[in-house]
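What follows is the residue order along each chain.
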Amino acid sequence: MPLFYIPDIVAKQQEIELDEDTSKHIVNVLRMKKGEQLHLTDGKGFLLLTSITDDHKKRCRVSVVNEQFIPQTGRKTSIAISLLKNASRFEWFLEKATELGITEIIPLLCDRTEKQHFRFDRMHNILVSAMLQSQQAWLPVLHQPVGFGQLLKQEDIISTTQKFIAHCMPGDKQPLAALVNSSLPSQLVLIGPEGDFSPEEVAFATEHYFMPVTLGNTRLRTETAGMVAAVLLRAVGSR
């Protein structure tokens, strides 16, 4: 059944008028008619089963048949990842991280980050599309870009139960998959830019109780490292 994103769902609402873009997709693209059913979600757990009452291509209206709230299950899994010079590669990571069920994505500005421009609305829309495609009712929290040092001092980061930094510098590192503890409520992985984290950033992170980790035996692109980290974080919880 088709699933659509409506950010302002109100509990116990009986009827909803959909925006023009959503209406056009339902009526013109999917060719849905009055009486057919579809799902709506606000990306925050609400999932509505609705029936089309007016198949107007600009102002489609639906009545709510059933309303449910789907609790966000499992742990809080966060990835803080450097912005990339090639925006399409960063967008690919956002899509895959959403499909895998990562709950929070933090764009990072590191010493070696080459590009700092961030189109938040475009990136948010990519998350929405990936959420709908993967039939989920929870949208990952997407933050505005933040400096590396500033991030590590934030209260919610300090309180994260497991914190990891994946880097390519020589030193004592353990596999991420061996360290993730699914019985703990939250994990965060830091992923650096194309040129890796600077030695100062790695030292700063370890001083703030981040554990150095490896994601495998090969050197990975930033977006690939982000996806591997996402897989490892989510896989541990699904065993």
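These numbers come from a predicted model, not from an experiment.

**Q** Sorry, what's going on with the overall build of the protein here?
**A** When helices and strands are tallied, the protein shows eight helices and 13 strands. Projected onto its principal axes, the C-alpha positions of the protein cover 65 × 35 × 30 Å. Residue burial in the protein is summarised as follows: out of 239 residues, 45% are buried. Taking as baseline every contact in the protein between residues at least 6 positions apart, the subset at least 24 positions apart corresponds to 74%. Within the structure as shown, the protein displays about 12,000 Å² of accessible surface, and the carbon and sulfur contribution to it stands at 49%.

**Q** Got a minute to help me understand the UniProt feature "domain: Ribosomal RNA small subunit methyltransferase E PUA-like" (unreviewed entry) in the protein in this structure?
**A** Here, UniProt's "domain: Ribosomal RNA small subunit methyltransferase E PUA-like" (unreviewed entry) annotation points to residues 18-64. The distance from the first to the last C-alpha atom of residues 18-64 is 12 Å, and the span holds 21% helix and 38% strand.

**Q** Whenever I open this one, the packing of helix 2 (residues 87-100) against helix 3 (residues 120-133) confuses me. Can you help?
**A** Think of two packed helices as two axes; the pair is described by the angle between the axes and how far apart they sit. Orientation of helix 2 relative to helix 3, taken along the N-to-C sense of each, is 35°, at an axis distance of 8 Å. When you trace helix 2 past helix 3, the crossing you get is right-handed. Of the residues in helix 3, those in contact with Phe 90, Glu 91, Leu 94, Glu 95, Thr 98 and Glu 99 of helix 2 are Arg 122, Met 123, Ile 126, Leu 127, Ala 130, Met 131 and Gln 133. Here the residues of the contact of helix 2 with helix 3 sort into seven nonpolar, two polar and four charged.

**Q** Would you explain the packing of aromatic side chains in this entry?
**A** Within the structure shown, the criterion is met by six aromatic pairs. Ring geometry for Phe 69 against Trp 138: centres 6.1 Å apart, planes inclined by 80°, an arrangement best described as edge-to-face. A residue pair is termed long-range when its members are at least 10 positions apart, and Phe 69 in strand 5 (residues 61-69) and Trp 138 in the loop between helix 3 and strand 8 (141-142) qualify at 69 residues. What makes Trp 138 partly exposed here is its relative accessible area of 24%.

**Q** Can you help me understand empty space enclosed by the protein in this one?
**A** In the structure shown here, the tally under the stated rule is one cavity of 30 Å³ or more. When its volume is computed, the largest cavity comes out at roughly 30 Å³. As for the largest cavity, its lining consists of Lys 76, Ser 78, Glu 104, Asp 156, Ile 157, Thr 160 and Leu 188. Mapped by element, the contributors of at least two residues to the lining of the largest cavity are strand 6 (76-82) and helix 5 (155-158). Partitioning the lining of the largest cavity into residue classes produces two nonpolar, two polar and three charged.

Conventions adopted
- The residue count restarts for each chain, going from 1 along the sequence in the order it is written.
- For this predicted model, a pLDDT threshold of at least 70 governs which residues receive local features, and a threshold of 80 or more governs which side-chain atom pairs are given and counted, while totals over whole chains, interfaces and linings are taken from all residues.
- Note that water and hydrogens are dropped before the side-chain values are worked out from all heavy atoms of the structure.
- Each helix is a run of H or I in the DSSP string that is no shorter than four residues. Each strand is a run of E no shorter than two, and both are numbered from the N terminus.
- Relative accessible area decides the class of each residue, using a 1.4 Å probe on protein chains only: under 20% of the type maximum gives buried, over 50% gives exposed, and in between gives partly exposed.
- Any pair of residues with heavy atoms lying within 4.5 Å of one another is described as a contacting pair.
- Only the protein chains shown count as cover for residues, and all accessible areas are computed by the Shrake-Rupley method using a 1.4 Å probe.
- UniProt positions are given in the numbering used here, feature names are shortened, and annotations may be inferred rather than shown by experiment.
- Where helices are involved, their axes are fitted lines through C-alpha atoms of the stretch in contact, as for all axes, and angles between N-to-C directions lie from 0 to 180°.
- In this scheme, a crossing is called left-handed if the near helix is turned counterclockwise away from the far one by less than a right angle; it is called right-handed if the turn is clockwise.
- Under the scheme applied here, ten amino acids are nonpolar (Ala, Val, Leu, Ile, Met, Phe, Trp, Tyr, Cys and Pro), four are charged (Asp, Glu, Lys and Arg), and all others, including Gly, are polar.
- In this scheme Phe, Tyr and Trp rings, the latter by its six-membered ring, pair at centre separations within 6.5 Å, and the angle between planes marks the pair as stacked below 30 degrees, edge-to-face above 60, and tilted otherwise.
- Here a cavity denotes grid points, spaced 1 Å and computed from the protein atoms alone, that fit a 1.4 Å probe unable to get out, and a pocket denotes an open set having protein on both sides within 12 Å along at least 5 of 7 lines; residues with an atom within 4 Å of a point are the lining.
- Grid points are joined across faces, edges and corners, and a volume is the space filled by probe spheres set on the points.

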